[in-house]
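# Breakdown of the fold
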Amino acid sequence: MPRKKSLAFRKEQAAKVQAGLQKRYPVPETHLHHNNPWELLIATVLSAQCTDARVNMVTPNLFARWKDAFALAQADIKDVEEVIRSTGFYHNKAKNIVAAAKLIAEKYRGEVPKSMEELVLVPGVARKTANVVLYTAYGINSGLAVDTHVKRISHRLGLTNSQDPVQVEKDLMEVFPQHEWGNVNHRLVWFGRHVCDARSPKCGECEFESHCPKLEPGKK
């Protein structure tokens, strides 16, 4: 593992990254289509190991058939599996979203909770999903959702030297202002998809090329 960059370097680098991404993506938002916190929560759970584009193809039918937590809580898991099959890992996802619906319907009267502590107790929801929901649905900056894009870009730019999502999140929270965490999150994901690709990064199109250490994470 490469030696961790100094906090001063990482803060300076983070400021450059924040400014560059803000210019590239003035209005950051999630790619997942949703109309309310409940739909966002379910879409985010379904997006695990699946593209947002595929999720967006599946959720209209899902939400038309079961419009809220109360309806999905009564669903037959086999029926849900058929609707979400193309998102992958559909057995586990169906079990989780039906269980999530039951918990939210019974304990929270159908409303998605607004705290990290409560959200991570919802079936299928880990810290990454909770961060997405809290910021995108409620504007709450509780942390940063570290997916493969965020982890890769943060490492390449020297903002972290860790491959552990929990530590990467801590490192990013240390160098970006809290009120920008959610925006930085969305922008990093977009940047990872459009420019800083895992196998073929478009360095010639990157505004950070002149000060990018290009630190590739080690292979596990």
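Right above here is the structure, for reference.
Heads up: these notes are all about the structure in this document.

Rules of the game
Residues numbered from 1 in each chain as written. Predicted model: local features only at pLDDT ≥ 70, side-chain atom pairs only at ≥ 80, totals over all residues. Heavy atoms only, no water. Helix = DSSP H or I, 4+ residues; strand = E, 2+ residues; numbered from the N terminus. Rg over C-alpha atoms; globule rule 2.2 N^0.38 Å. Buried < 20%, exposed > 50% of the residue type's maximum accessible area, 1.4 Å probe, protein only. Core = buried A, V, L, I, M, F, W, Y, C linked by side-chain atoms within 4.5 Å. Contact = heavy atoms within 4.5 Å. Phe/Tyr/Trp six-rings, centres within 6.5 Å; stacked < 30°, edge-to-face > 60°. Lys NZ or Arg CZ within 6 Å of the ring centre and 35° of its normal. Polar contact = N/O pair within 3.5 Å; in protein donor to acceptor, adjacent residues only side chain to side chain.

### Description of the overall build of the protein
Helix and strand counts for the protein stand at eleven helices and zero strands. In the protein, the succession of α and β elements from N to C terminus is α-α-α-α-α-α-α-α-α-α-α. Expected size for 220 residues packed as a compact globule is a radius of gyration near 17 Å; at 18 Å, the protein falls within 12% of this value. In terms of principal-axis extent, the alpha carbons of the protein reach across some 55 × 35 × 30 Å. Counting over 220 residues, the protein shows a buried share of 49%.

### Considerations on the environment of His 179
Among the structural elements, His 179 can be located in the loop between helix H10 (165-175) and helix H11 (181-194). Put simply, His 179 and Leu 134 are 45 residues apart on the chain and 13 Å apart in space, counted from C-alpha to C-alpha.

### Here we look at the nonpolar core
Within the largest apolar cluster, 38 residues are counted, with the highest numbers of intra-cluster contacts made by Trp 38, Leu 62, Leu 72, Val 80 and Ile 84. Counting residues per element, the ones that place at least two in this core are helix H2 (37-46), helix H3 (52-65), helix H4 (69-73), helix H5 (77-84), helix H6 (90-107), helix H7 (116-119) and helix H8 (127-138). Of all the elements, H6 adds the most residues to this core, at eight residues. When near neighbours in sequence (up to four residues on either side) are disregarded, Leu 62 contacts Ile 42, Leu 46, Val 83, Ile 84 and Ile 97. Ala 14, Val 150, Leu 157 and Val 184 belong to the second-largest nonpolar core, a separate cluster that totals 24 residues.

### Some remarks on the packing of aromatic side chains
For the structure on display, the rule yields two aromatic pairs. Measuring from ring centre to ring centre gives 5.2 Å for Tyr 25 and Trp 190, while their planes differ by 85°; the resulting arrangement is edge-to-face. Note that Tyr 25 is positioned in the loop between helix H1 (7-24) and H2 and Trp 190 in helix H11, a separation of 165 residues in sequence. By relative accessible area, Tyr 25 is classed as buried at 6%. With relative accessibility at 16%, the residue Trp 190 sits in the buried group. On the basis of an interplanar angle of 65° and a centroid distance of 5.5 Å, the ring pair of Phe 191 and Phe 208 is categorised as edge-to-face. With a gap of 17 residues between them, Phe 191 in helix H11 and Phe 208 in the segment after H11 connect regions that are remote in the sequence. Its guanidinium or amino end placed over the ring of Phe 9, Lys 5 lies 5.2 Å from that ring's centre, counting from NZ or CZ.

### As for H2
Burial analysis of H2 places nine of its ten residues in the buried class, the great majority of the element. Buried within H2 we find Trp 38, Glu 39, Leu 40, Leu 41, Ile 42, Ala 43, Thr 44, Val 45 and Leu 46. Contact partners of the buried residues in H2: H3, H4, H5, H6 and H8. By the N-cap criterion, in which a side-chain oxygen at the helix start approaches the backbone nitrogen of a residue two or three places on, H2 is capped by Asn 36, the distance to Trp 38 being 3.2 Å.

### Topic: the environment of Val 55
For Val 55, the position within the fold is in helix H3. The exposure class assigned to Val 55 is buried, which follows from its relative accessible area of 0%. Along the sequence, Val 55 and Ile 42 sit 13 residues apart, while their C-alpha atoms lie 9.8 Å from each other. Once you skip the residues sitting within four places of it in the chain, Val 55 turns out to touch Leu 32, Ala 43, Leu 46, Ser 47 and Cys 50.

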